[in-house]
Amino acid sequence: MLRDVLLKTLRDQRRSYAAWCLSVVLLVAMYVALWPSIRDQPSMQDFLDQMPQALRNLLATSGADMSTPVGYIQVEFLSFMGPILVILYAVLAGSGAVAGEEDRRTLDLLLATPVARSRIVVDKAVAMVLGALGLTTLLGVALLLEGTFVGLDLPAGKVAAAMLHLALLGLVFGALSLLVGAATGRLALSRGVPAFVAVVAYVVNGLGGLVSWLEPFQKLSPFFQYAGHDPLHAGVSWLGVTVAVATVAVLVVGGALAFERRDVAS
Amino acid sequence: MGAAVIRCEDVTKRFGTTEALGGVDLVVEAGDVFGYLGPNGAGKTTTLRLVMGMIRPTSGRVEVFGLDAWRDRSAIHRRVGYISGDVALYDRLTGQDHVDFVGHLQGLGRPPEAGALAERLGLGLRRPARELSRGNRQKLALVLALMTRPELLVLDEPSSGLDPMVQREFHTLLAQHAARGGTVLLSSHVLSEVQRVATRIGVISRGRLVAVERLDDVRAKALHHVEVQFASPVAAGAFETIEGVRDVRIEGALLRCDAPQSSLDPLLKEVSRHEVVDLTCIEAELEETFMAYYTKAAADVA
């Protein structure tokens, strides 16, 4: 497992990854366990209907019906908790890649070897991508399997589509974190910038349909690529996937180039 | 004269508006053990990181093996072992894990030398790095730098934290490396740490290279403390004008001064013009010679 930077990065993740997986399974179990009581409580839907439109837009894609399994997961899980979880994972992986090693000073060990700096960035990015895909895969499987216990039946194909979009959503911010870290070497900045951008993108997407001057920007939001087309109903949006993949690729290449050119002072 | 392994030509490095290094010209030849001396913050680490291609010179050129230190760093790093001034290791990885990882990144798989090296330094490779003492971390860094049998070693304060016994073993390793034709650039803030191994010495102060000397030449300049008791009071003037003589102090009939070997003859001739009661002449420690000499050079720069 110590043959190259990619394998070493995956190896480093082992312990924390086990914790991430466990928390995903438990979190899904919690939402699944709540399902029967929510389904039998029509007032929840009334509550949702009575919310101001702006709030409803922020919390869920419009027209979600909380009394159906798909609507419930969409509102309760995929609109907020799911993205937070995956974005958090990806940003931690992205910031740890270069800025984290620089912060702990271990970067010197890597930089003294013949391995090119761009290769280090790409290896770390691949590890992040694999990690995010693994986490969302587990998340999807957990939703499908744990859901069967309480009759929370979800269409497997659509869940897979939603998970793909969820992984890409996280990776966009993870790649941004990697870029900032590679370009500046500053750990706090590499976490703060993506967090800030994520909040802005979330709000822009949520309010884009209501606030006319925000509307042109809505389609730029990674949250729009993620859920604008309602993946639990519509499946994969190849346009959304293409935009997200291209964004990640551009950010990673940018990070690699910036890192090649930057002074790594002590 | 060997070929130039490291060549810095008029190298300046600024960080923002701070000039860390100004107009440094430096050549380290094959087989040299070059001791790079200066106080903390003088620019030693900056120079070493320029050589390692971790930072880019603001102006000037840094070459290693005739290649550009910044652009061709990957090719250079195949032939270099490096110890950072601030040794950091992966906390959870054991010594052997570090050896395997760095060995693979160097393209060598599992370097067979590592075990023997660790044994010579008295370092176990089984424990994770976070459990190692400062001295043992430094030893592991040495093993990682030396295990690939690089042509050039770039060592930033390598003996900090090593106890004297280990330091001796480390010096033997460096001497063997040089005997094989290898080159070393090592920094330190004290001469005594490098005088046993260095063939040449460079002194840096406030970003300027103020002196480069063969260690043998420094030794030839070794100061002697001279003390003469005359029969009657003498004047300082005649002694102060002798070339190389410094710190002339006269208290009545007692003369004290410092003189390098080369000034002893004219000094004694001047002394013998007077009636001498007693005379002592003691060679100073090399460190003292060096400091006297180097503080003067540094003052000239400022």
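None of these values were measured; they are calculated from a predicted model. (Residues numbered from 1 in each chain as written. Chains lettered and ligands numbered in written order. Predicted model: local features only at pLDDT ≥ 70, side-chain atom pairs only at ≥ 80, totals over all residues. Heavy atoms only, no water.)

Visitor: So what exactly am I meant to see when it comes to the UniProt feature "transmembrane region" (unreviewed entry) in chain A here?
Guide: Residues and elements named next belong to chain A. The UniProt feature table records "transmembrane region" (unreviewed entry) at residues 17-38, 77-100, 121-144, 164-183, 195-214 and 234-259. A helix fraction of 65% and a strand fraction of 0% characterise residues 195-214, whose end C-alpha atoms lie 20 Å from each other. The distance separating the terminal C-alpha atoms of residues 234-259 is 39 Å; by composition the span is 88% helix and 0% strand. (UniProt positions renumbered as here; feature names shortened; annotations may be inferred. Helix = DSSP H or I, 4+ residues; strand = E, 2+ residues; numbered from the N terminus.)

Visitor: What is the right way to read a positive patch on the surface from this model?
Guide: The grouping of Arg14 and Arg15 of chain A together with Arg92 and Arg130 of chain B at the surface amounts to a positive patch. By the secondary structure assignment, Arg15 of chain A is in helix α1 (residues 5-39). (Patch = residues over 30% accessible without salt bridge, like charges linked within 9 Å, V, L, I, M, F, W, Y side chains within 5 Å. Areas by Shrake-Rupley, 256 points an atom, 1.4 Å probe, with all protein chains shown as cover. Salt bridge = Lys/Arg side-chain N within 4 Å of Asp/Glu carboxyl O. Lys, Arg positive; Asp, Glu negative; His and termini not counted. Charge placed at Lys NZ, Arg CZ, Asp CG, Glu CD.)

Visitor: Help me out: how do you make sense of the packing of helix α4 (residues 113-121) of chain B against helix α5 (residues 134-146) of chain B in this one?
Guide: In a pair of packed helices, the angle between the axes and the distance between the axes together describe the arrangement. Residues and elements named next belong to chain B. Across the interface, α4 lies against α5 with an axial gap of 9 Å and an inter-helix angle of 145°. The handedness of the crossing between α4 and α5 is right-handed. Residues Ala114, Leu117, Ala118 and Leu121 of α4 pack against Lys139, Leu142, Val143 and Leu146 of α5. (Axes fitted to C-alpha atoms, helices over the stretch in contact; angles between N-to-C directions. Left-handed = near helix turned anticlockwise from the far one by under 90°. Contact = heavy atoms within 4.5 Å.)

Visitor: When you look at the side chain of Arg11 of chain A in this model, what are you seeing that I'm missing?
Guide: Assignment of secondary structure puts Arg11 of chain A in helix α1. Judged by its relative accessible area of 16%, Arg11 of chain A falls in the buried class. Once you skip the residues sitting within four places of it in the chain, Arg11 of chain A turns out to touch Met1 and Leu2 of chain A together with Leu93 and Asp97 of chain B. (Buried < 20%, exposed > 50% of the residue type's maximum accessible area, 1.4 Å probe, protein only.)

Visitor: Looking at this structure, how should I read the sheet that holds strand β5 (residues 67-68) of chain B?
Guide: The pairing of strands in a sheet comes from backbone hydrogen bonds and takes either a parallel or an antiparallel form. Residue and element names in this part refer to chain B. An order of β2-β1-β4-β5 is seen for the four strands of this open sheet, with the pairing classed as antiparallel. The two strands at the open ends of the sheet, each matched to only one other strand, are β2 (18-29) and β5. Relative to β5, strand β4 (residues 59-64) is paired through two bridges, and the arrangement is antiparallel. Bridging from a neighbouring strand, Glu63 pairs with Asp68 of β5. (Pairing = 2+ DSSP bridges.)

Visitor: It is not clear to me how the packing of aromatic side chains should be interpreted in this structure. Could you clarify?
Guide: Where two aromatic rings form a pair, the distance of their centres and the angle of their planes describe that pair. Evaluation of the coordinates by the stated rule reveals 10 aromatic pairs over all chains. Here Trp20 of chain A and Tyr89 of chain A contribute two aromatic rings whose centre-to-centre distance is 5.5 Å and whose plane-to-plane angle is 85°, an arrangement assigned as edge-to-face. Of this pair, Trp20 of chain A sits in helix α1 while Tyr89 of chain A sits in helix α4 (residues 69-103), and the two are 69 residues apart along the sequence. Counting every residue linked through ring pairs, the aromatic cluster contains Phe80, Phe173, Tyr202 and Phe223 of chain A. Geometry around Trp70 of chain B places Arg73 of chain B over its ring, the cationic atom sitting 4.5 Å from the centre. (Phe/Tyr/Trp six-rings, centres within 6.5 Å; stacked < 30°, edge-to-face > 60°. Lys NZ or Arg CZ within 6 Å of the ring centre and 35° of its normal.)

Visitor: Sorry if this is basic, but what is going on with the interface of chain A and chain B here?
Guide: How big an interface is tends to be stated in terms of the accessible area lost upon association of its parts. In this assembly, 29 residues from chain A lie in contact with 30 residues from chain B. Both faces combined, the contact of chain A with chain B buries some 2700 Å², and carbon together with sulfur accounts for 57% of it. Joining chain A to chain B, the criterion identifies five salt bridges. Two residues, Lys13 of chain B and Asp263 of chain A, come together in a salt bridge whose shortest N-O distance is 2.4 Å. In this structure, the connection of chain A to chain B is made through 15 residue pairs in polar contact (both at pLDDT 80 or more). Of all the secondary-structure elements, those providing two or more residues to the side of chain A that touches chain B are α1, α5 (107-111) and α12 (238-261) of chain A. The element best represented in the side of chain A that touches chain B is α1 of chain A, accounting for five residues. When its residues are assigned to classes, the side of chain A that touches chain B shows 11 nonpolar, three polar and 15 charged. (Buried area = accessible area lost by both parts, 1.4 Å probe. Polar contact = N/O pair within 3.5 Å; in protein donor to acceptor, adjacent residues only side chain to side chain. Nonpolar A, V, L, I, M, F, W, Y, C, P; charged D, E, K, R; others polar.)

Visitor: How should the domain arrangement of chain B be read in this particular structure?
Guide: Assigned domains within chain B: domain 1 (4-215) and domain 2 (223-283). Summarising the inter-unit geometry, the C-alpha centres of domain 1 of chain B and domain 2 of chain B are found 44 Å apart. (Domains from an automatic or database assignment.)

Visitor: Please clarify how the state of the cysteines should be interpreted in this entry.
Guide: Tallied over the full model, the rule gives zero disulfides over all chains. Free cysteine Cys257 of chain B: the closest other cysteine sulfur is in Cys281 of chain B, separated by 8.8 Å. (Disulfide = S-S within 2.5 Å.)

Visitor: It is not clear to me how the pattern of salt bridges should be interpreted in this structure. Could you clarify?
Guide: Where charged atoms from two side chains of opposite charge approach closely, those side chains can pair. For the coordinates displayed, the defined rule picks out 25 salt bridges over all chains. Of the charged contacts, one joins Asp86 of chain B and Arg105 of chain A as a salt bridge, the two residues approaching to 2.8 Å between their closest N and O atoms. Here Asp86 of chain B, found in the loop between β6 (80-83) and α3 (95-105), pairs with Arg105 of chain A, found in the loop between α4 and α5, and the two come from separate chains. A relative accessible area of 39% means that Asp86 of chain B is categorised as partly exposed. Assessed through its relative accessible area of 36%, Arg105 of chain A is described here as partly exposed. Note that Arg273 of chain B and Glu270 of chain B form a salt bridge whose closest N and O atoms lie 3.4 Å from each other.

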